[in-house]
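Listed here are the chains, written in short residue letters.
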Amino acid sequence: MTTKAQRPSISIREEEGCREVLDIVRNRWVALTPEEWVRQQVVQRLHHTLGYPLELMQVEGAITLNGMTRRCDIVVYDREVRPWMIVECKKESVALTQKVIDQACRYNLVLQVPYLLLTNGRQELCCRVDLEEKRLIPLEKVPEFYKKS
């Protein structure tokens, strides 16, 4: 009889009246906001289900866009440490609208990744980015981590 592998649980604690979640990428406790809950679920799924290495993920990494500092929820890098995917997380109550797509596309003006993933924990949109044609190609599922031979 085979058993299904159990997904690791997300660690949560109460510290000085504030709920915190352990971010396994940044290896520190952060405030458990609704958006952070979605972000940590995505990190777990990318790592444990799709094989994305933690050391090739960056959470809330800063980029400069039009002279202003912005933060990407998650950036995944390839084995050559080039940006490979931008993940934009929203809390469950925020719909994945054109405004959210536009936000991820603006970030991609800087990072030039081949994949975008947008999620609110209930809905998800994953696209391949055709940089030459400047268009998004919707995918049916999030790709497994790309492995170069």
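A brief structural summary. (Residues numbered from 1 in each chain as written. Predicted model: local features only at pLDDT ≥ 70, side-chain atom pairs only at ≥ 80, totals over all residues. Heavy atoms only, no water.)

### Regarding helix 1 (residues 34–49)
Given 3.6 residues per helical turn, the α-helix brings residues three or four places apart onto the same face. Its 16 residues place the ends of helix 1 22 Å apart at the C-alpha level, agreeing with the 22 Å of an ideal helix rising 1.5 Å per residue. Regarding helix 1, the residues found buried are Glu36, Val38, Arg39, Gln40, Val42, Val43, Gln44 and Leu46. Where helix 1 is buried, its residues meet strand 2 (18–23), strand 3 (28–31), strand 4 (57–65), strand 5 (68–77), strand 6 (83–89) and strand 7 (115–119). (Helix = DSSP H or I, 4+ residues; strand = E, 2+ residues; numbered from the N terminus. Expected span 1.5 Å × (residues − 1). Buried < 20%, exposed > 50% of the residue type's maximum accessible area, 1.4 Å probe, protein only. Contact = heavy atoms within 4.5 Å.)

### Here's the deal with unusual backbone geometry
Unusually for a residue other than glycine, Asn27 sits at a positive phi of about 55 degrees. Structurally, the position occupied by Asn27 is in the loop between strand 2 and strand 3. Residue Asn27 is classed as exposed on the basis of its relative accessible area, which comes to 64%. Phi at Lys134 takes a positive value of approximately 55 degrees, unusual for a residue other than glycine. Mapped onto the fold, Lys134 is located in the loop between strand 8 (124–130) and strand 9 (135–139).

### Structural notes on the sheet that holds strand 5
A sheet is described by the order of its strands in space; here six strands give the open sequence 4-5-6-7-8-9, paired in mixed fashion. Single-partner strands in this sheet number two, and they are strand 4 and strand 9. Strand-to-strand, the axes of this sheet are offset by a mean angle of 35 degrees, without reference to chain direction. Bridge analysis of strand 5 against strand 6 gives four bridges, and the strand direction is antiparallel. Within strand 6, the position partnered with Val75 by the bridge is Ile86. (Pairing = 2+ DSSP bridges. Axes fitted to C-alpha atoms, helices over the stretch in contact; angles between N-to-C directions.)

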